[in-house]
Amino acid sequence: MAAEAELALRRILVALDVSEQSRAALEAAARLAGGLNAELVGLFVEDSDLLRMAELPVTRLVGARGTGALDPAMLRRAFKVQAAEAREALERSAEQWQVKWSFRVTRGSSAEAVVAEAGDFDLVALGRTSRPAVRTAPLGATARRTAMAASCSVLVSRGGQRAGCPLLTLYEGGTRALPLTAELSRVFACSLIVGVLAETPERAAALEAEAETWLRESGLRGRVERLDTAEAAAIHDLVKRRDAGLLVVDQRGPLASKLNLEGLLETQDVPVLVLR
Amino acid sequence: MPGEIKGGAPLAAERLCWRCDTSGWAFETTEDLEDLGEVIGQARAVEAIHFAVGIEQPGYNIFALGPEGLDKHGIVRRFLEAKAAGQAAPADWCYVNNFREAHAPKAIRLPPGRGVAFKEDMARLVTDLHDVLISAFESEEYRTRRQVIEEELKERQQASASEVEAAAKEKGLALVRTPLGFAFAPVSEGKLVPPEAFEHFPKEAREKIEADIEELQKRLQAALEKTPLWIKETREKVRALNQEIAQLAVGHLIGALSDAYADLPEIMAYLGEVRQDVIGNVDLFLQQPKQGAGPPPAREGEAGRNPLRRYRVNLVVHNHAAGKDPKSDDTEGRAPVVYEDNPTFDRLLGYIEHRAEMGALVTDFNLIRPGALHKANGGYLILDARKVLTRPLAWDGLKRALFAKEIRTEPLAHMAGLLSTSSLEPAPIPLNLKIVLIGDRQLYYLLSFHDPEFGDLFKVSADFDEVIDRSAANDRLYARQVATLARENALRPFGREAVGRVLEQAARQAGDAERLSAQTDTIADLLREADHWAGTEGREIVERDDVQKAIDKQVYRQDRVRQRMQEQITRGTVLIDDRGAKVGQINGLSVLSLGGFSFGRPSRISARVRLGRGDLVDIEREVELGGPLHSKGVLILRGFLSSHYASDRPLSLSASLVFEQSYGGVDGDSASSAELYALLSAIAEVPIKQSFAVTGSVNQYGEVQAIGGVNEKIEGFFDLCAERGLTGEQGVLIPDSNVKHLMLRPDVIEAVRDDRFRIYPVTSIEQGIEILTGLPAGLRGPDGHFPEDSLNHRVEARLVALAEQRRAFARGGGEEEKG
């Protein structure tokens, strides 16, 4: 295996709102930060689009109890309340996992603001959607934009990570992601499934052998599986079949780079860590 | 011959003590004797217990009364255990959860011996249920069905939302979620229309957008209103699914258990409730961690950390069915006999423990602990009356349970009305037992007098006697008692003579040559000590000398005060004469009891007389050192004097009586004869021989009556005389009626036998005064006068003279008299 620069997650940004999925992302990020001794920064975005929308004379709020005008001042106060709530959640998680943390609030269009902030970080964690009750699209706009545009690694969570379930990592050769993968398996105290991706059966066999050796030498619990195609559906099947709790995809891999990431994120119920 | 008094002879040595005749006994040592199974001399008490145990009526509980040391406990216990052995073991009782009202746990009765099995069965059931339910709810079938239900909700929500969203899109609007709720806004090319641009829209377009938004708002509103209803429907579907799955899993497990308890309707009903509760609370099982994981989070309102405690069985009473042979020391298939040595309220009626949890004290039916009444239910409970009465509220609690015929376990503070926090109210358990209270007589009489309920609950008194009548048969039984005690205490065998000496000591303890002490504990002490002394002598068999040594050593160990008091006399600090003769002075005898050791002590009593108006001054009473009985004795003297002598004249003397050098107070009338002798001596001016000491009370007719502690009194004076030297003149006058109580020390008897000391039994004052003064007392002749030179004559003459003197005074010096 050729030596490459190792992947390390030292600074983690977590995009916070008050949704369940965001909480799941925070939980995963805090645990990761605790295990990897990384710094955790919480980001709350006051959505400027919404503020502008509130200035429209025709905008009306609809709630279960009736309708009313959307007052920009009220909206700003609501952002403050949510930011405070998000900050508290961050503080609790950070204390639980004993993580160095900070919190910042920014204003802008949600997705762009997150992508802009992500530049300084090794990993950005966020929920798959922030408005699950109404959004019909399985992948929210912020998550989609961040996953596509952020230069750093991305962790997208839908629900929490189920304890004890194995970690599935895609493997196409190369040592870049291996130490981090081993570290993750230690942090989450779970076994490993190495999903081998290859163009040819010969290459796949060679990779399988490599992966076996690596597992053995690192003293890790785990198994090696072969993926027939580098397609979202095939990966989804393997996750289901092996009851994996976290999916790790190294996007530098030749096949993984061609993967339909959006499709993969849409179908996965488990948190997905996309490494870049 | 008139003027002579009969009697006056000292007692022969043989009459001073009952010497146990061992020649008729057919054993050499106590090894040859069988254990004594019966109780000697307590026929009345034994019959009372027999009667009370036999009668099947409420209130026939027993109060066993009598002084300490009679082995009341042992006798009662042996008797009850023999009785209980023939009775069936009572039911087992357990407390289980009341699923409807958790604060009122249910009590379930089971046949003896089945409680433990039931408890174990329930514990196993819970483990099995846990496994079965977890696998049922982890099954593919369940997960899929549940997902289908949840998916349905999502689909309904999404369908309605997408519908509105699609409609909005068609109209160039977007549905946006804000922190305050949903809102519709116009979009253009996938972006929200900025407010500046919107203002430039033509009026009609703006109005159309407004109208569209209003319509969409209504549709969204309608959709939102349905959401809570859908969620509720979904939750109900999930619950129904859970119940269906649980029912399948639980049914056969509980069914299997029900077969084992088909004969017990209460258990069957309980199992039915368990089944319903498990089905309704499947979550409790599913929350439980898999093996090896940490404890589940505490649930509010649940005592303890494990919510499955609700299915446990708290076995409060467990007995053993007959025929089984359990290794434990339990009742083994018979009625229980329980002795509670610390009968507090809680330990009698049971109590409810609490556990601190998150700063609050919580409890549940598992923390109900049984009391002595639970354990003894269906059998017998022995309690010490004094302890029950001194433990706060224990007596009230016991009476309440007996009246109500049920055990109601509640916190002590509840009973006292001091606590209003929530606790449990366990179902009461029916109570049917016999209680034996053991206590002294005073306690029994106090309770009878002051507690009106006492008589209703303790109808039978088993009155234990502290003495046993002596007879040849009883002596032999007593010897067997000695043998039994020796064996129980693992002592050396006692020789025949040694046993005889023990019996003599038992008679001495009883203070009566015709009775034996029933206080087995002091007899047992004597046996143990005699055994010890035999051991120091290297003997294999305890001999009479060892018993004597044990007695002597016991006395010596307690003898310090007596010895110091005697020293005060021999050194002349306390004045007591034992020779010579004096007018108006006599040696009285008193008994002191200190810490169970009694001894006699001589005291000088003196009387002085002068002309007066018939007042008899008892100095002890004047200074309040004399008790009422002593005063009574002195007043009797006045009655005797005024009626016996010169009854036709006023008693014209003034006399004073005193116990010399007495600083601690006296009571009792046993010195009244001595006081009378001193008074007669003073009136007649005839000296009394100081070599005598006197005891005995006297009545208005001059008859001498029995007193207590005769042996100690004689020995007290004897010790003094022996120390100063026995002259052969010294002796003690005792009431004739006390002769049967004589159980004197061997050294006293020896001195009497050698004519160095004498003991005179007297029946009347006349008899006594003759011995004391050497003068005949004199009987009133037909002429109404006492014979010349008799003591009575002198007394009367003096009284007449005093009366004449007084009359002369009254005539000649009336003013003086008045003054």
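Predicted, not measured: the structure shown is a model, and the values here were computed from it.

Visitor: When you look at the overall build of chain B in this model, what are you seeing that I'm missing?
Guide: The helix and strand inventory of chain B stands at 28 helices and 30 strands. In terms of C-alpha radius of gyration, chain B reaches 47 Å, well past the compact-globule figure of 28 Å for 819 residues. The principal-axis extent of the C-alpha atoms belonging to chain B is close to 165 × 80 × 50 Å. Long-range contacts, defined as pairs at least 24 residues apart, comprise 76% of the intrachain contacts of chain B with a sequence gap of at least 6. Accessible surface, chain B as shown: approximately 39500 Å² in total, 49% of it carbon and sulfur. Here chain B contributes 102 positively and 126 negatively charged side chains, and the mean placements of these two sets differ by 2 Å.

Visitor: What am I meant to see in the overall build of chain A here?
Guide: Scanning chain A from N- to C-terminus turns up 9 helices and 12 strands. For a compact globule of 276 residues, the expected C-alpha radius of gyration is about 19 Å, and chain A comes in at 20 Å, within 12% of that figure. If you line up chain A on its principal axes, its C-alpha atoms span 65 × 35 × 30 Å. For chain A, the proportion of its 276 residues judged to be buried stands at 53%. Element-wise, carbon and sulfur atoms account for 46% of the exposed surface of chain A, whose accessible area totals about 12000 Å². Mean positive and mean negative side-chain charge positions of chain A (35 and 36 charges, respectively) differ by 5 Å.

Visitor: Any chance you could explain the sheet that holds strand S10 (residues 222-227) of chain A here in plain terms?
Guide: Adjacent strands of a sheet form backbone hydrogen bonds with each other and so pair up, either parallel or antiparallel. All names here are of chain A. Reading across the sheet, the 10 strands line up as S5-S2-S1-S6-S7-S12-S11-S8-S9-S10 and stay open at both edges, with mixed pairing between neighbours. A single partner strand is all that each edge strand has here, and the edge strands are strand S5 (101-108) and S10. Direction aside, the axes of adjacent strands within the sheet are offset by 20 degrees on average. Together, strand S1 (11-16), strand S2 (39-47) and S5 form the strand contacts of helix H3 (residues 72-97), whose direction differs from that of S5 by roughly 155 degrees. Those strands touched by helix H7 (residues 201-218) are strand S8 (167-171), strand S9 (192-197) and S10, and its axis lies near 170 degrees from that of S10.

Visitor: Quick question: what am I supposed to make of the domain arrangement of chain B here?
Guide: How big an interface is tends to be reported as the loss of accessible area on association of its parts. Residue and element names in this part refer to chain B. Taken domain by domain, chain B comprises domain 1 (1-32 + 467-557), domain 2 (42-89 + 322-464), domain 3 (132-287) and domain 4 (564-812). Its C-alpha centre places domain 1 at a distance of 34 Å from the equivalent point of domain 4. Listed per partner, the contact involves 24 residues of domain 1 and 29 residues of domain 4. Buried area between domain 1 and domain 4, summed over both chains or domains, comes out near 2200 Å², and the portion from carbon and sulfur atoms is 63%.

Visitor: Sorry if this is basic, but what is going on with the packing of aromatic side chains here?
Guide: Any pair of aromatic rings gets described here by the distance separating the centres and the angle formed by the planes. All names here are of chain B. By the definition in use, this model includes 21 aromatic pairs over all chains. Measuring from centroid to centroid gives 6.2 Å for Phe118 and Tyr270, while their planes differ by 75 degrees, and the two rings are edge-to-face. Here Phe118, found in helix H3 (residues 114-138), pairs with Tyr270, found in helix H7 (residues 265-280); they are 152 residues apart in sequence, far enough to count as distant. The burial state of Phe118 is the same as that of Tyr270; both residues are buried. Ring geometry for Phe692 against Tyr760: centres 5.6 Å apart, planes inclined by 70 degrees, an arrangement best described as edge-to-face. Pair noted here: Phe692 is in strand S26 (residues 692-694) and Tyr760 is in strand S30 (residues 758-762), with a separation of 68 residues, a long-range link. Each of the two residues, Phe692 as well as Tyr760, counts as buried. Taken together, Phe63, Trp395, Tyr444, Tyr445, Phe454 and Phe458 form an aromatic cluster joined through their ring pairs. The lysine or arginine in question, Arg470, covers the ring of Trp18, its NZ or CZ lying 3.6 Å from the ring centre.

Visitor: Would you take a moment to explain the sheet that holds strand S3 (residues 106-110) of chain B for this structure?
Guide: All names here are of chain B. Taken in spatial order, the 3 strands line up as S3-S2-S7 in an open sheet, and their pairing is antiparallel. The sheet is open, and its two borders are formed by S3 and strand S7 (313-317), each paired with just one other strand. Taking each pair of neighbouring strands and ignoring which way they run, the sheet shows an average axis angle of 30 degrees. Here strand S2 (residues 92-96) pairs with S7 via 4 bridges, running antiparallel. From the neighbouring strand, Cys94 faces S7, where its bridge partner is Leu315. Of the strands in this sheet, S2, S3 and S7 are in contact with H3, which crosses S7 at around 165 degrees. In the packing of H7 onto the sheet, contacts are made with S2 and S3, and the angle to S3 comes to roughly 135 degrees.

Visitor: I'm lost on the interface of chain A and chain B in this one. Help?
Guide: Chain A puts 30 residues into the contact, and the matching count from chain B is 32 residues. When the two sides are added together, the surface that chain A and chain B hide from each other amounts to roughly 2700 Å², 67% of it contributed by carbon and sulfur. Linking chain A with chain B are 1 salt bridge. In this structure, Arg52 of chain A engages Glu196 of chain B in a salt bridge whose closest nitrogen and oxygen atoms are separated by 3.0 Å. Put simply, chain A and chain B have 1 residue pair in polar contact (both at pLDDT 80 or more) between them. Mapped by element, the contributors of at least two residues to the side of chain A that touches chain B are helix H2 (48-54), strand S3 (60-63), strand S4 (66-69) and H3 of chain A. No other element matches H3 of chain A, which puts 5 residues into the side of chain A that touches chain B. Taken together, the residues that form the side of chain A that touches chain B break down as 16 nonpolar, 7 polar and 7 charged.

Visitor: Honestly, the side chain of Gln251 of chain A in this entry has me stumped. Any pointers?
Guide: Here Gln251 of chain A is to be found in the loop between strand S11 (246-250) and helix H9 (261-267). Among the polar contacts made by the side chain of Gln251 of chain A, one reaches the side chain of Arg276 of chain A at a distance of 2.8 Å.

Visitor: Please explain the environment of Phe201 of chain B as it appears in this structure.
Guide: All names here are of chain B. Tracing the sequence through the fold places Phe201 in the loop between helix H5 (195-199) and helix H6 (203-260). Since its relative accessible area comes to 27%, Phe201 is described here as partly exposed. Residues contacting Phe201, with those up to four places away along its chain left out, are Val193, Arg206 and Ile209.

Visitor: Please explain the domain arrangement of chain A as it appears in this structure.
Guide: Residue and element names in this part refer to chain A. Domain assignment breaks chain A into domain 1 (11-157) and domain 2 (167-275). Each of domain 1 and domain 2 has a C-alpha centre, and these two points are 28 Å apart. Each partner contributes residues to the interface: domain 1 has 16 residues there, and domain 2 has 19 residues. Three residues stand out in domain 1 for area buried against domain 2, namely Arg31, Leu36 and Arg128, and they jointly supply 27% of the buried area on that side. On the surface where domain 1 and domain 2 come into contact, there are 1 salt bridge. For Arg144, the salt bridge goes to Glu262, with nearest N and O atoms at 3.1 Å. For the side of domain 1 that touches domain 2, the elements supplying multiple residues, two or more each, are helix H1 (20-36), helix H5 (141-149) and strand S7 (153-157).

Visitor: Just checking my understanding: could you explain the confidence of the model for chain A for this structure?
Guide: The predicted coordinates ought not to be read in detail in places where the model reports low pLDDT. On average, residues of chain A score 82 in pLDDT, and 91% of them reach the 70 mark or higher. Long-range and interchain partners of residues 132-136 of chain A, a stretch whose pLDDT sits below 50, account for 11 contacts in this model, where long-range means more than four residues apart.

Visitor: Explanation requested: the confidence of the model for chain B in the structure shown.
Guide: Residue and element names in this part refer to chain B. Scored by pLDDT, chain B has a mean of 87; 94% of the residues are at 70 or more. The secondary-structure element of chain B with the lowest mean pLDDT is helix H28 (residues 814-818), recorded at 45, while S26 shows the highest, at 96. When the criterion is pLDDT under 50, residues 324-331 qualifies, and its contacts beyond four places in sequence or with other chains add up to 9 contacts.

Visitor: For this particular structure, what's the right way to read the packing of helix H22 (residues 628-644) of chain B against helix H23 (residues 672-684) of chain B?
Guide: Think of two packed helices as two axes; the pair is described by the angle between the axes and how far apart they sit. Residue and element names in this part refer to chain B. At a minimum axis separation of 9 Å, H22 and H23 run at an interaxial angle of 40 degrees. When the axis of H22 is compared with that of H23, the two are oblique. Here the hand of the crossing between H22 and H23 comes out right-handed. On the side of H22, the interface is formed by His630, Gly633, Val634, Leu637, Phe640 and Leu641, while H23 contributes Ser672, Glu675, Leu676, Leu679, Leu680 and Ile683.

Visitor: Hey, could you run me through the packing of helix H17 (residues 496-510) of chain B against helix H19 (residues 544-557) of chain B in this one?
Guide: All names here are of chain B. Close contact between H17 and H19 brings their axes to 7 Å; oriented N to C, the two are set at 30 degrees. One finds that H17 runs roughly parallel with respect to H19. Residue-level contacts link Glu497, Ala498, Gly500, Arg501, Val502, Glu504 and Gln505 of H17 to Arg544, Val547, Gln548 and Ile551 of H19.

Parameters at a glance
- Residues numbered from 1 in each chain as written.
- Chains lettered and ligands numbered in written order.
- Predicted model: local features only at pLDDT ≥ 70, side-chain atom pairs only at ≥ 80, totals over all residues.
- Heavy atoms only, no water.
- Helix = DSSP H or I, 4+ residues; strand = E, 2+ residues; numbered from the N terminus.
- Rg over C-alpha atoms; globule rule 2.2 N^0.38 Å.
- Contact = heavy atoms within 4.5 Å.
- Areas by Shrake-Rupley, 256 points an atom, 1.4 Å probe, with all protein chains shown as cover.
- Lys, Arg positive; Asp, Glu negative; His and termini not counted.
- Charge placed at Lys NZ, Arg CZ, Asp CG, Glu CD.
- Buried < 20%, exposed > 50% of the residue type's maximum accessible area, 1.4 Å probe, protein only.
- Pairing = 2+ DSSP bridges.
- Axes fitted to C-alpha atoms, helices over the stretch in contact; angles between N-to-C directions.
- Domains from an automatic or database assignment.
- Buried area = accessible area lost by both parts, 1.4 Å probe.
- Phe/Tyr/Trp six-rings, centres within 6.5 Å; stacked < 30°, edge-to-face > 60°.
- Lys NZ or Arg CZ within 6 Å of the ring centre and 35° of its normal.
- Salt bridge = Lys/Arg side-chain N within 4 Å of Asp/Glu carboxyl O.
- Polar contact = N/O pair within 3.5 Å; in protein donor to acceptor, adjacent residues only side chain to side chain.
- Nonpolar A, V, L, I, M, F, W, Y, C, P; charged D, E, K, R; others polar.
- pLDDT = per-residue confidence, 0-100.
- Parallel < 35°, antiparallel > 145°, perpendicular 65-115°, else oblique.
- Left-handed = near helix turned anticlockwise from the far one by under 90°.

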